Amino acid sequence: MSRRGLLLGGLAVAAAATGVAGTSNAWAAVPDVIDCDAWGARPNSDVVPVWNQRPVKILVHHTATPNVTDLSRGAGERLARGIQNFHMDQRGWLDSGQHFTISRGGYVLEGRHRSLEVLRIGERQVEGAHCTGQNVVAVGIENEGTYTAVDPPAVLWNRLRDLCAYICQQYGIDPTEIFGHRDFKDTACPGDVLYGRLPQLRTEVAGVLGQHVSRRIAVKESWPLLRVADRGPAVLAAQHLLREVGMTGVAADGTFDRRTADAVRRFQTAHRTEEVNGMIGGESWPLLVRPVRPGADGEAGRAVRALLASGAPGRPAESLVGAEDWRRLLSAPTSLAG
């Protein structure tokens, strides 16, 4: 059987297991990617590690740079050079951290050397530096701009969809395994608006590959990002959990104020998280939650009850609430920040 046949067979097996239904033998087109030589990349300062394994997910980022109006290829190439210079000169990395970059003009550029070569083969993974803990299992894609309050340009979105579809095809990644940077770190990246569109991205990528993803599958359970001025049950639960670990100066009132942010910074410092910024995201939540029974005394038990009282789907009172249960409770629409 051809490699294509094997891949499609593998996707069919994955579909049966995940609820992603195949509807045709669609095949993602090879995207037009400007490689490192073409945009004038500096040589990498050390050997780029290549792992003998396939990545299992895609991580979406935004560059948090201005939403420029220059949509030319030249602007995209200048962006790639600027990112590489920053990563090598300021962060001390051997090359650009991300595997690919998409400019606001819709130009797709190779980020780290060898990323395009290895992707085309579809068997191994170039180690990136875009998200600690995910660099050998996830392909990192930077999208030029800041998408906290605005949508990315349609041409950027279309290239992101097409690139994700090709990556999923080459590596046999399920289209539902597309995440945002904040899913794993305490960061606003890739911006509230772009992050909010990830279910749509998963659905559209699946469509390119001839699959159908239901909304139930496309909307993944995730740790909410909490920051100053947020309100609601998720904030109240976080405050109870902070009090559980000794931050008794935090008022459990459901409002994420400066005092709560200061307590989060102390917690992050104590746990040596990558960012000490007072935001609770994908790195701090797993450190903050703990196994507890909903009826238990103490602050952690109050945190669970606060989420259950908001209408979040929970478990019977006698059941032990573990990390996955916490994430499900916190993912409920009634428990989101805002």
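The rules we used
Residues numbered from 1 in each chain as written. Predicted model: local features only at pLDDT ≥ 70, side-chain atom pairs only at ≥ 80, totals over all residues. Heavy atoms only, no water. Helix = DSSP H or I, 4+ residues; strand = E, 2+ residues; numbered from the N terminus. Expected span 1.5 Å × (residues − 1). Buried < 20%, exposed > 50% of the residue type's maximum accessible area, 1.4 Å probe, protein only. Arc of directions from axis to C-beta. Contact = heavy atoms within 4.5 Å. Pairing = 2+ DSSP bridges. Axes fitted to C-alpha atoms, helices over the stretch in contact; angles between N-to-C directions. Core = buried A, V, L, I, M, F, W, Y, C linked by side-chain atoms within 4.5 Å. pLDDT = per-residue confidence, 0-100.

Asks: Go over helix α10 (residues 258-271), please, and point to the residues and values.
Replies: Under the 1.5 Å per step criterion, the end-to-end length of α10 is 20 Å for 14 residues, consistent within 8% with the ideal 20 Å. Turning to α10, its buried residues number three or more, namely T260, A261, A263, V264, F267 and Q268. Viewed along the axis of α10, the buried residues span an arc of 160°, placing them on a single side of the element. In α10, those exposed residues whose orientation departs by more than 90 degrees from the buried face are R258, T269 and A270. In this structure, the buried side of α10 is in contact with α9 (233-244) and α11 (284-288). Within two residues after α10, R272 carries a phi angle of roughly 55°, on the positive side.

Asks: Can you tell me about the sheet that holds strand β6 (residues 108-110), naming the residues and giving the values?
Replies: Reading across the sheet, the six strands line up as β2-β6-β5-β8-β4-β9 and stay open at both edges, with mixed pairing between neighbours. Unpaired on one side and paired on the other, β2 (33-34) and β9 (178-180) mark the two borders of the sheet. When strand β4 (residues 57-62) meets β9, the two strands line up parallel, connected through three bridges. When the sheet's bridge partners are listed, L59 is paired in β9 with F179. Docked against the sheet, helix α5 (residues 154-171) engages β4, β5 (100-102), β6, β8 (138-143) and β9, running at close to 170° with respect to β8. Across the sheet, helix α7 (residues 198-208) touches β4 and β9, and the angle it forms with β9 is around 160°.

Asks: Help me get a handle on the side chain of K185, residues and values and all.
Replies: The topology assignment puts K185 in the loop between β9 and α6 (192-196). Its relative accessible area of 7% is what places K185 among the buried residues. Leave out the neighbours within four places in its chain, and K185 touches C131, T132, E274, G281, G282 and E283.

Asks: Account for the environment of V108, naming residues and giving values.
Replies: Within the element layout of this structure, V108 appears in strand β6. Using a relative accessible area of 3% as the deciding quantity, one classes V108 as buried. Separated by 55 residues in sequence, V108 and L163 have C-alpha atoms that sit 8.3 Å apart. In contact with V108, not counting residues within four places along its chain, are D32, V33, I34, T101, I102, R159 and L163.

Asks: With reference to specific residues and values, describe the nonpolar core.
Replies: Core analysis: the largest hydrophobic core is formed by 34 residues, its most contacted members being I58, I141, C164, I167, L201 and V205. Elements supplying a minimum of two residues to this core: β4, β5, α4 (115-121), β8, α5, α6 and α7. Of the residues forming this core, the biggest block, 10 residues, is contributed by α5. Apart from the residues within four sequence positions on either side, C164 is in contact with I58, I141, I178, L201 and V205. Judged by nonpolar contacts, the second largest core, of 30 residues, contains V250, F256, V292 and L330.

Asks: Summarise the confidence of the model for the chain; cite the residues concerned and give the values.
Replies: On average, the chain scores 90 in pLDDT, and the residues at 70 or more come to 89%. For residues 1-18, every residue scores under 50 in pLDDT, and the model assigns this stretch 24 contacts once sequence neighbours within four places are set aside. Note on residues 334-338: pLDDT is under 50 here. Beyond four places in sequence and across chains, it has 20 contacts.

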